[in-house]
Amino acid sequence: MQQHSVDLTRQSRPVVIVPYQQRWPVEYRELGAQLRSVLGDCALRIDHIGSTSVPGLGAKDVLDVQITVRDLEQMDEFKSRMRACGFQEREGFHHDCFS
């Protein structure tokens, strides 16, 4: 069985759930279009996921976006394009790889 470690020294912020916001799908469409124009064929799919994607559901006021890439070997190109778009890589970022 794989062991997972948790960093107990990391400061957490309180979770604040807000009522559903009509602007979330609009913000996702704008962000998705921006990502699509920058990532081009690096991205197979760009999906709005998580609580903000569910109409009527309260959620943290943070959009979750999942980008499915064609080839993880292109990760450096992907990251470069994301940085050019103004995104910053967060410390501890990991990607999923399934074969």
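Our subject is the structure that appears above.
Residues numbered from 1 in each chain as written. Predicted model: local features only at pLDDT ≥ 70, side-chain atom pairs only at ≥ 80, totals over all residues. Heavy atoms only, no water.

Asks: Could you clarify how one ought to interpret the packing of helix α1 (residues 23-39) against helix α2 (residues 75-84) in this entry?
Replies: Any two packed helices are characterised by how steeply their axes cross, that is the angle between the axes, and by the distance between the axes. Running from N to C, α1 and α2 point in directions that differ by 130°, and their axes come no closer than 9 Å. Between α1 and α2, the interaxial angle falls into the category oblique. The crossing of α1 and α2 is right-handed. Between α1 and α2, the contacting residues are L35, V38 and L39 on the first element and F78, R81 and M82 on the second. Within the contact of α1 with α2, the residues separate by chemical class into five nonpolar, no polar and one charged. (Axes fitted to C-alpha atoms, helices over the stretch in contact; angles between N-to-C directions. Helix = DSSP H or I, 4+ residues; strand = E, 2+ residues; numbered from the N terminus. Parallel < 35°, antiparallel > 145°, perpendicular 65-115°, else oblique. Left-handed = near helix turned anticlockwise from the far one by under 90°. Contact = heavy atoms within 4.5 Å. Nonpolar A, V, L, I, M, F, W, Y, C, P; charged D, E, K, R; others polar.)

Asks: Is there a simple way to explain α1 in this structure?
Replies: Along an α-helix, residues three or four positions apart point the same way, because every turn accommodates 3.6 residues. Between its first and last C-alpha, α1 extends 24 Å over 17 residues, near the 24 Å set by a 1.5 Å rise per residue. Inspection of α1 places W24, Y28, L31, G32, L35 and L39 among the buried residues, and these make up the whole buried set. The buried residues of α1 occupy an angular sector of 110° when projected down its axis, which confines them to one face. Turned more than 90 degrees away from the buried face of α1, the exposed residues are R29, E30 and S37. (Expected span 1.5 Å × (residues − 1). Buried < 20%, exposed > 50% of the residue type's maximum accessible area, 1.4 Å probe, protein only. Arc of directions from axis to C-beta.)

Asks: Can you walk me through the packing of aromatic side chains in this structure?
Replies: The geometry of an aromatic ring pair is captured by the separation of the ring centres together with the interplanar angle, meaning the angle of the planes. This model, assessed by the stated rule, comprises one aromatic pair. Judged by centre distance (5.5 Å) and plane angle (90°), the rings of Y20 and W24 are edge-to-face. (Phe/Tyr/Trp six-rings, centres within 6.5 Å; stacked < 30°, edge-to-face > 60°.)

Asks: When you look at the pattern of salt bridges in this model, what are you seeing that I'm missing?
Replies: Where charged atoms of side chains with opposite charge meet at close range, the side chains can pair. Enumeration over the complete set of coordinates arrives at four salt bridges. Between D61 and R23 there is a salt bridge, with its nearest N and O atoms 2.7 Å apart. A residue pair is termed long-range when its members are at least 10 positions apart, and D61 in the loop between β1 (43-49) and β2 (64-69) and R23 in helix α1 qualify at 38 residues. Among the residues examined, D61 registers a relative accessible area of 41% and is labelled partly exposed. A salt bridge links R45 to D47; the shortest N-O distance between them is 2.9 Å. Since its relative accessible area comes to 21%, D47 is described here as partly exposed. (Salt bridge = Lys/Arg side-chain N within 4 Å of Asp/Glu carboxyl O.)

Asks: Would you mind showing me how to read the side chain of H48 here?
Replies: Summarising the element assignment, H48 is placed in strand β1. Overall, the relative accessible area of 17% leaves H48 in the buried class. Here T52 takes part through its side chain, which lies 2.8 Å from a polar atom of the side chain of H48. In contact with H48, not counting residues within four places along its chain, are W24, Y28, S53, L63 and D64. (Polar contact = N/O pair within 3.5 Å; in protein donor to acceptor, adjacent residues only side chain to side chain.)

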